[in-house]
Amino acid sequence: MHGLVVPGPSWAVGDCLPEGFEAYVRLPNPFWKIVPAQTETAILHRADSGDISREDAWAKPVPCSAVAEENGLRMTHESRWGQIRGPHDGHLAASPDQAWSWAPHECDLDPVRAERLFALLASETGPSDRCLCGQWEGGSSGWDTDVLLVTPHWNYFVWRTRFRDVAEWLQQPYSYERHLHVPHVVWPADRRWFLATLYSGCSNYLAGSRPLIDTVLASGLEAYEVRLADEAC
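Chemist: Before we move on, can you summarise the pattern of salt bridges with the specific residues and values?
Modeler: Going through the model one piece at a time under the given rule, you end up with 9 salt bridges. Asp 165 is the partner of Arg 162 in a salt bridge, and the nearest nitrogen-oxygen pair spans 3.0 Å. The class for Asp 165 is partly exposed, based on a relative accessible area of 29%. Arg 210 serves as the salt-bridge partner of Glu 225, at 2.8 Å between the closest nitrogen and oxygen. Placement of Glu 225 in strand E13 (residues 224-226) and of Arg 210 in helix H6 (residues 210-217) is noted, with a sequence separation of 15 residues between them. Under the relative-accessibility criterion, Glu 225 is labelled partly exposed at 38%. Taking the relative accessible area as the measure of exposure, Arg 210 reaches 28% and is therefore partly exposed. Sharing partners across several salt bridges, the network here consists of Arg 210, Asp 214 and Glu 225.

Chemist: Describe the pairing of strand E12 (residues 203-208), naming the residues involved and giving the relevant values.
Modeler: For E12, the buried fraction is high: 6 of the 6 residues fall into the buried class. Here strand E11 (residues 194-197) hands over to E12 after 5 residues, the two strands then running antiparallel side by side.

Chemist: Before we move on, could you go through the packing of helix H3 (residues 111-122) against helix H4 (residues 163-171) and cite the residues and values that matter?
Modeler: The contact between H3 and H4 brings their axes to 8 Å, and the two run at 160°. Relative to H4, the element H3 lies roughly antiparallel. Helix-helix and strand crossings are classified by hand; for H3 and H4 the assignment is left-handed. Contacts between H3 and H4 involve Pro 111, Ala 114, Glu 115, Phe 118, Leu 121 and Ala 122 on the former and, on the latter, Phe 163, Val 166, Ala 167, Leu 170 and Gln 171. Across the contact of H3 with H4, the residue classes tally to 9 nonpolar, 1 polar and 1 charged.

Chemist: Provide a residue-level description of H4, including the pertinent values.
Modeler: Inspection of H4 places Phe 163, Val 166, Ala 167 and Leu 170 among the buried residues, and these make up the whole buried set. Take H4 and look down its axis: the buried residues cluster within an arc of 95°, on one side only. Close packing links the buried residues of H4 with H3, strand E7 (130-136), strand E9 (155-162), helix H5 (176-180) and strand E10 (185-188).

About the criteria used
- Residues numbered from 1 in each chain as written.
- Predicted model: local features only at pLDDT ≥ 70, side-chain atom pairs only at ≥ 80, totals over all residues.
- Heavy atoms only, no water.
- Salt bridge = Lys/Arg side-chain N within 4 Å of Asp/Glu carboxyl O.
- Buried < 20%, exposed > 50% of the residue type's maximum accessible area, 1.4 Å probe, protein only.
- Helix = DSSP H or I, 4+ residues; strand = E, 2+ residues; numbered from the N terminus.
- Pairing = 2+ DSSP bridges.
- Axes fitted to C-alpha atoms, helices over the stretch in contact; angles between N-to-C directions.
- Parallel < 35°, antiparallel > 145°, perpendicular 65-115°, else oblique.
- Left-handed = near helix turned anticlockwise from the far one by under 90°.
- Contact = heavy atoms within 4.5 Å.
- Nonpolar A, V, L, I, M, F, W, Y, C, P; charged D, E, K, R; others polar.
- Arc of directions from axis to C-beta.

All we've got here are geometric facts, nothing functional implied.
What follows is the structure in structure tokens.
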């Protein structure tokens, strides 16, 4: 696993993605808006045991670009959610009339986007259907593996699995167990792409061929092209 991820300045895109791909894209995690249960793309969000600010509720994802536009701003490849959120009370919107109710989640690829993204990645994944997955050692739940991916700023426990199993896991409804086992890196055996979920951030990053990245950019997923030297968000 040595040399997989390029060295670079602290907290750059190149800290979590390998060099050598034709293009790279940032997929920022969405904001969430409380809606009726029957709303399209609504997901039941369960409150964490230590979260006294809210109860279980149905919510739909809201693109960062929509929140920025509501506040007279423009979302870019380097915008952080705290810069575009508008009136707020911590991670909560200040008013129920706003486009969002909750801020984006850290270390997550939500089920709605996972379904759409992995459908695109399926066409770029070889017939062996094998992937390497990794979890940051500081946030890992203790995988039974002796393989460690060592990078300049992150070390990951690595295991082998099937692409379809990763896709199915990330598309299931929110739960404590799902969150506990979100893979922080996914890399197919044929090395056609590389997906990274930031443990201490609110974005996912994808490396791939120019046609794959162009497909993602044109898919309707909120995505912004980036370079390895760009700051990670």
